[in-house]
Amino acid sequence: MMIITAILTSLMMPLLVVSAFNTSPPQSSSSVAKRVKSVNYFISRECNYKCKFCFHTQKNTNKLGIGNAKLGLQLLQHSGTEKINFAGGEPFLNPQVLGELCQFAHSECGMAVSIISNGSLIKSEWMDRYGQYVDILGVSVDSFDPATNALIGRGTGDTTKNQHVSRVLKVRELCAQHGILFKMNTVVCSLNHREDMNEYVTTLDPYRWKAFQCLILQGENAGGVNDLNDARELQVTREEFDAFIQRHSDQSALIPEPNTVMQNSYLLLDEELRFLDCSENGKIPSQSILEVGVERALSQAGFDDDMFQKRGGIFEWTRDRGGNNDSILK
């Protein structure tokens, strides 16, 4: 009888943990489920690059233990999250944690899994072990010119030895080998807005290509006393951003996101599992979902669900696991 009781208690614990947060929720469960379908989780602010326009800078090296991180994923799952995107910082600085979270999110929570990385630390061994749990792997690609990448801070090496482009090509090939959908993210700034990337983009053939207008957030990259970056000189006008988009308009994967679209349409969780409210041009953290649950924390997130919908935030985010992706290296 004692053994049976222990088993039943063990099975009920996740439900008890989740239900403990659901007292007097500020929103209906159906409304919450609609708004948390896709969540971005910055597992750490640690990064090995020094991109000058970064708006999630290495202000600390905090990260949760794997148990609390998994509990956070369970809470999101019970609230309706269908896709989790792991980002940073550079998430591959913590490869074991990242791998375990990808496996847990896919196998235990039934979520689609994506990652955003700078591409510098992705190893074939990691892909062999954990690639099966990843649907989309996005790499930041701001230029295909080594000198421009060096000026941005994207990668290591001077203007002649910067290796970021070659690393991106290797990641693209790894994605093809493992059947993972390849995505590109580009920040359009004063250093790259005149560049023509069409030839390389056609070769890489991304599933999605996000182009973001360089965004300034107080407390991160606005040049303030507590900011680690000052990206004000890297800003581009809406006209300059639109000219970049027009130059690449034949790329069917291109998804342009100016500041007005991007700023509040992403549901962001920081390294403490707090939603980040960017609506006042900064980042104001909510209470942690581990402390108050997803519903209450979501009410503090400043998230624009309408803009999320308008920008196409819901798409086919689960890959074909039949292994039908072709290599780009013929």
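Before reading on, note that the structure itself is shown above.
In short, a report on the structure. (Residues numbered from 1 in each chain as written. Predicted model: local features only at pLDDT ≥ 70, side-chain atom pairs only at ≥ 80, totals over all residues. Heavy atoms only, no water.)

1. A word on the overall build of the protein
Counted only if it meets this: Helix and strand assignments follow DSSP, with helices taken as H or I runs no shorter than four residues and strands as E runs no shorter than two, numbered in order from the N terminus. Burial classes: relative accessible area under 20% of the type maximum marks a residue as buried, over 50% as exposed, and values in between as partly exposed (1.4 Å probe, protein chains only). Between two residues, a contact is recorded if the distance between any of their heavy atoms is within 4.5 Å. To measure how exposed things are, a 1.4 Å probe is used in the Shrake-Rupley method; for residues, cover is taken only from the protein chains shown.
Counting its regular elements, the protein contains 12 helices and 10 strands. Burial statistics for the protein: of 330 residues in total, 52% are counted as buried. Taking all contacts inside the protein whose residues are at least 6 apart in sequence as the whole, residues at least 24 apart take part in 73%. Just so you have it, the protein exposes about 14900 Å², and 51% of that area is on carbon and sulfur atoms.

2. Description of the nonpolar core
Short version of the rule: Here, the term nonpolar core denotes a set of buried Ala, Val, Leu, Ile, Met, Phe, Trp, Tyr and Cys residues that are joined through side-chain atoms within 4.5 Å.
Counting residues in hydrophobic clusters, the biggest one holds 64 residues, and the most contacted among them are Tyr41, Ile84 and Phe86. Here Tyr41 is in contact with Leu64, Ala69, Ile84, Asn85, Phe86, Ala87, Leu101, Leu269, Asp270 and Leu273, once residues within four sequence places are set aside.

3. Section: unusual backbone geometry
Note the cis peptide between Gly88 and Gly89, where omega equals 20°. Following the sequence through the fold, Gly89 ends up in the loop between strand 2 (83-87) and helix 4 (95-107). Backbone geometry at Leu273 places phi at a positive 60°, although glycine is not the residue there. The residue Leu273 is located in the loop between strand 8 (268-269) and strand 9 (274-277) in this model. Backbone geometry at Asn281 places phi at a positive 65°, although glycine is not the residue there. As for its position among the elements, Asn281 is in the loop between strand 9 and strand 10 (284-288).

4. What to know about the packing of aromatic side chains
Defined as follows: Two rings from Phe, Tyr or Trp (for Trp, the six-membered ring) form a pair when their centres sit within 6.5 Å of each other. Planes less than 30 degrees apart are called stacked, planes more than 60 degrees apart edge-to-face, and all others tilted.
All told, the structure shown has eight aromatic pairs when counted by the stated rule. Pairing Phe144 with Tyr200 gives two aromatic rings, centres 4.4 Å apart and planes at 0°, and the pair type is stacked. On the criterion of sequence distance, the pair formed by Phe144 in the loop between strand 4 (136-140) and helix 6 (146-152) and Tyr200 in helix 8 (residues 198-204) is long-range, its members being 56 residues apart. A residue is classified by how much of its surface remains accessible, and Phe144, at 8% relative accessible area, is buried.

5. Some thoughts on helix 4
In an α-helix, one full turn covers 3.6 residues, which means residues spaced three or four apart are oriented alike. Convention followed: Given the number of residues in a helix, its expected span is that number minus one, multiplied by 1.5 Å.
Relative to the 18 Å expected for 13 residues at 1.5 Å per residue, helix 4 spans 18 Å between its end C-alpha atoms, a close match to the ideal helical length. Those residues of helix 4 that are buried are in contact with strand 1 (38-42), helix 3 (66-79), strand 2, strand 3 (112-117) and helix 5 (124-130).

6. A closer look at the environment of Ile115
By secondary structure assignment, the location of Ile115 is in strand 3. By relative accessible area, which is 1% here, Ile115 ends up buried. Excluding anything up to four places from it in sequence, Ile115 contacts Asn85, Phe86, Pro91, Phe92, Leu98, Cys102, Trp126, Val134, Ile136, Leu137 and Gly138.

7. Some thoughts on the pairing of strand 2
As a general feature of sheets, a regular strand has side chains that alternate between the two faces. Rule in force here: Pairing between strands is defined by DSSP: at least two bridges between the two strands are required. By convention a crossover is right-handed if, when the strands point away from the viewer, the path from the first strand over the helix to the second runs clockwise.
Of all five residues in strand 2, five are buried; the element is thus mostly enclosed. Residues Lys83, Asn85 and Ala87 line one face of strand 2 and the alternating positions Ile84 and Phe86 line the opposite face, and both faces are buried. Of the pairings in the sheet, the one linking strand 1 to strand 2 comprises five bridges and is parallel in character. Its bridge partner being in strand 2, Asn40 is matched across the sheet by Asn85. Handedness of the β-α-β unit built from strand 1, helix 3 and strand 2 comes out right-handed. Pairing analysis gives four bridges linking strand 2 to strand 3, with the strands arranged parallel. Bridge assignment links Lys83 to a residue of strand 3, and that residue is Ala112. Regarding topology, helix 4 serves as the crossover connection from strand 2 to the parallel strand 3, and that connection is right-handed.

8. Focus on the pairing of strand 7 (residues 254-257)
Summarising the sheet, strand 6 (residues 208-213) and strand 7 pair through four bridges and their orientation is parallel. When the sheet's bridge partners are listed, Lys210 is paired in strand 7 with Ile255. Between strand 6 and its parallel partner strand 7, the chain crosses via helix 9 (residues 238-247), and the hand of that crossover is right-handed.

9. Side note on the side chain of Glu257
Note the cut-off: Definition of a polar contact: a pair of N or O atoms within 3.5 Å, with one able to donate and the other able to accept a hydrogen when the atoms are protein atoms, and with sequence-neighbouring residues admitted only if both atoms are side-chain atoms.
Mapped onto the secondary structure, Glu257 falls in strand 7. Judged by its relative accessible area of 0%, Glu257 falls in the buried class. Looking at Glu257, its side chain comes within polar contact range of the side chain of Lys210, at 3.1 Å. Ignoring sequence-local partners within four residues, the contact set of Glu257 consists of Lys210, Ala211, Phe212, Gln213, Phe241, Met262, Tyr266 and Arg311.

10. Quick notes on the pattern of salt bridges
Condition: Here, a salt bridge means any Lys or Arg side-chain nitrogen found within 4 Å of an Asp or Glu carboxyl oxygen.
What the rule picks out here adds up to 12 salt bridges. For the salt bridge of Asp242 with Arg238, the shortest nitrogen-to-oxygen distance reads 3.0 Å. With Asp242 and Arg238 both in helix 9, this residue pair falls four residues apart, about one helical turn. The exposure class of Arg238 is partly exposed, given its relative accessible area of 40%. Put simply, Asp270 and Arg274 hold a salt bridge, and the shortest N to O gap is 2.8 Å. Since its relative accessible area comes to 27%, Arg274 is described here as partly exposed. Members of the salt-bridge network, linked through shared partners, are Arg45, Glu220 and Glu271.

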